[in-house]
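Each chain, written out:
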Amino acid sequence: MTRNRSALRAKGVMYWGPPRTRSGLFAGIQPNTYTGRSTQARAHGRIQMQLDRAAKDGVKTLIVSDENMIGSVRSNLRCRSLYPAIGERMARFAPAFEGRISRVVLNTRAQDLYWASCSAYGVARGHPMLRAVAFDGMTASTRSWRDVITDLSCAVDGADVAVLPFERFAGRPDAMLRAIAGCDAPKNGTDEWLNRAPNTTELREILKARKIAAPELDGVIGRWHPFDAAQTAALREDYADDMFWLTAGADRLATLTEDTARTRAGKIPPAGAINKGHNHDIQERHMAQPS
């Protein structure tokens, strides 16, 4: 988005990413316990001034993208829960945009792969290697993407909530832009995948440089998957329930957005058989019969 800023502006599209949002633009939106005073009013005025300026410059669509708006991965790992404060955080952002938010877009991902990726990424950022008890806590968590989406929808009442599955859109920013803004992306860098979690080989090198032993990585090649078969099945079932809820209409709170132009399969490498759905019926060679 940053590299193609000029081409997007020609389409009436402006982009605010982390370089913009974290340079003071959003300062004061969330409570600051260090100063002991509220700075929300000044933050609201600052954002509204920038919105008015963008409108005068002919901007038709403003895309604001900063993953920390809904909470940090570090907080998720600490709480062993999916974005527990998303409702409170987004409820503080919504008034700053004065009802101009027309759509909120959220990516979801199978919980076992999400937690594995977050854990590996955390190690790359200097955090300690999580142990088995942490992954037990993630598996036992009762908070699902359904809860996250429900909190988000309530916080930005009046805006459409679109859910884009990671498995369909990962590494394809052109498809993401098309789904978000309805416009085709420039061809400069349309197939890049940034901030990918390190694989096991990279993790071993990182930990070796920090002189930390990680026997659980010995002999493991490729993606780090710290969950056992039972945990994986439980987390995948949670995700299947989330996707079923979204497919069924999500109680009119959100819309599941699929990429109908996709030409390659989604990247969801199974870490064991998922005993749910048609594949299981075929494997068992029978279908349930009504009584």
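Summary of the structure given here.

Criteria and thresholds
- Residues numbered from 1 in each chain as written.
- Predicted model: local features only at pLDDT ≥ 70, side-chain atom pairs only at ≥ 80, totals over all residues.
- Heavy atoms only, no water.
- Helix = DSSP H or I, 4+ residues; strand = E, 2+ residues; numbered from the N terminus.
- Buried < 20%, exposed > 50% of the residue type's maximum accessible area, 1.4 Å probe, protein only.
- Phe/Tyr/Trp six-rings, centres within 6.5 Å; stacked < 30°, edge-to-face > 60°.
- Pairing = 2+ DSSP bridges.

Considering the environment of Ala 197
Within the fold, Ala 197 resides in the loop between helix 10 (173-181) and helix 11 (200-209). Under the relative-accessibility criterion, Ala 197 is labelled partly exposed at 29%.

Quick notes on the packing of aromatic side chains
The way to describe two aromatic rings as a pair is by their centre distance and the angle between their planes. Counting across every chain of the model gives 8 aromatic pairs. For the pair Tyr 114 and Trp 145, a centre-to-centre distance of 5.6 Å together with 85° between the ring planes defines the contact as edge-to-face. A residue pair is termed long-range when its members are at least 10 positions apart, and Tyr 114 in helix 6 (residues 111-124) and Trp 145 in helix 8 (residues 145-155) qualify at 31 residues. For the pair Tyr 114 and Trp 145, a shared accessibility class is recorded, and that class is buried. On the basis of an interplanar angle of 85° and a centroid distance of 5.8 Å, the ring pair of Phe 135 and Trp 224 is categorised as edge-to-face. Taken as a pair, Phe 135 in helix 7 (residues 132-140) and Trp 224 in the loop between helix 11 and helix 12 (229-247) lie far apart in primary sequence, 89 residues in all.

A closer look at the pairing of strand 3 (residues 103-108)
Only one face of strand 3 is buried: it carries Val 104, Leu 106 and Thr 108, and the other face, with Arg 103, Val 105 and Asn 107, is open. In this sheet, strand 4 (residues 160-165) lies alongside strand 3 in parallel orientation, the contact comprising 6 bridges. Counterpart to Val 104 in the pairing with strand 4 is Val 161.

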